[in-house]
Amino acid sequence: MTRPTVLVACRKNAGRSQAAAALLRHYAGDRVEVLSGGSEPADEVHPEVRAVLAERGLEPEQRPKR
């Protein structure tokens, strides 16, 4: 059986989409392939998003991407 793929996107891929992708990876595990991206990627993930995810033992992707 093929895993479904979920794309979480926002404009900068630095906040909401990073948080949503990290949470989905955590809760869905290997059952879903999770991708994230943005139409105008920022240079880095928002520090606040990194901090909130770290409080939960989660990490965003290293860098925002298209």
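The following refers to the structure shown. Predicted model only: the values in this text are computed from it and were never measured.

The end-to-end C-alpha distance of helix α1 (residues 16-28) is 18 Å, a good match for the 18 Å that 13 residues give at a rise of 1.5 Å each. Within α1, burial applies to Ser-17, Gln-18, Ala-21, Ala-22 and Ala-28. Along α1, the residues classed as buried sweep out an arc of 155° about the axis, all on the same side. Exposed side chains of α1 directed beyond 90 degrees from the buried face belong to Arg-16 and Tyr-27. Buried-residue contacts for α1 involve β1 (5-10), β2 (33-38) and α2 (47-55). With its phi angle positive at about 60°, Gly-29 sits one or two positions after the end of α1.

Look at Asn-13: it is not a glycine, yet its phi comes out positive at around 55°. Tracing the backbone shows Asn-13 in the loop between β1 and α1. Exposure remark for Asn-13: the relative accessible area of 0% places this residue in the buried category.

Moving on, we get to the nonpolar core. Counting five residues, the largest nonpolar core is built from Ala-22, Val-45, Val-49, Leu-53 and Leu-58. Beyond its immediate sequence surroundings of up to four residues, Val-45 is in contact with Ala-14, Gln-18, Arg-50, Pro-60, Glu-61, Gln-62 and Pro-64.

Attention now moves to the pattern of salt bridges. Enumeration over the complete set of coordinates arrives at four salt bridges. Residue Arg-25 is joined to Glu-61 by a salt bridge in which the shortest nitrogen-to-oxygen separation is 2.7 Å. Placement of Arg-25 in helix α1 and of Glu-61 in the segment after α2 is noted, with a sequence separation of 36 residues between them. Judged by its relative accessible area of 30%, Arg-25 is partly exposed. According to the relative accessible area criterion, Glu-61 is buried, its value standing at 13%. Of the charged contacts in the structure, one is a salt bridge between Lys-65 and Glu-61, with a shortest N-O distance of 2.8 Å.

A few words now on the side chain of Asn-13. Here the side chain of Asn-13 touches Ser-36 through a polar contact of 3.3 Å, side chain to side chain. Of note is the side chain of Asn-13, whose polar atom sits 2.8 Å from the backbone nitrogen of Lys-65. Residue contacts for Asn-13: discarding those within four places in its chain leaves Gln-18, Ser-36, Gly-37, Gly-38, Glu-61, Arg-63, Pro-64 and Lys-65.

Rules of the game
- Residues numbered from 1 in each chain as written.
- Predicted model: local features only at pLDDT ≥ 70, side-chain atom pairs only at ≥ 80, totals over all residues.
- Heavy atoms only, no water.
- Helix = DSSP H or I, 4+ residues; strand = E, 2+ residues; numbered from the N terminus.
- Expected span 1.5 Å × (residues − 1).
- Buried < 20%, exposed > 50% of the residue type's maximum accessible area, 1.4 Å probe, protein only.
- Arc of directions from axis to C-beta.
- Contact = heavy atoms within 4.5 Å.
- Core = buried A, V, L, I, M, F, W, Y, C linked by side-chain atoms within 4.5 Å.
- Salt bridge = Lys/Arg side-chain N within 4 Å of Asp/Glu carboxyl O.
- Polar contact = N/O pair within 3.5 Å; in protein donor to acceptor, adjacent residues only side chain to side chain.

By themselves, these are just geometric observations and shouldn't be taken as functional.
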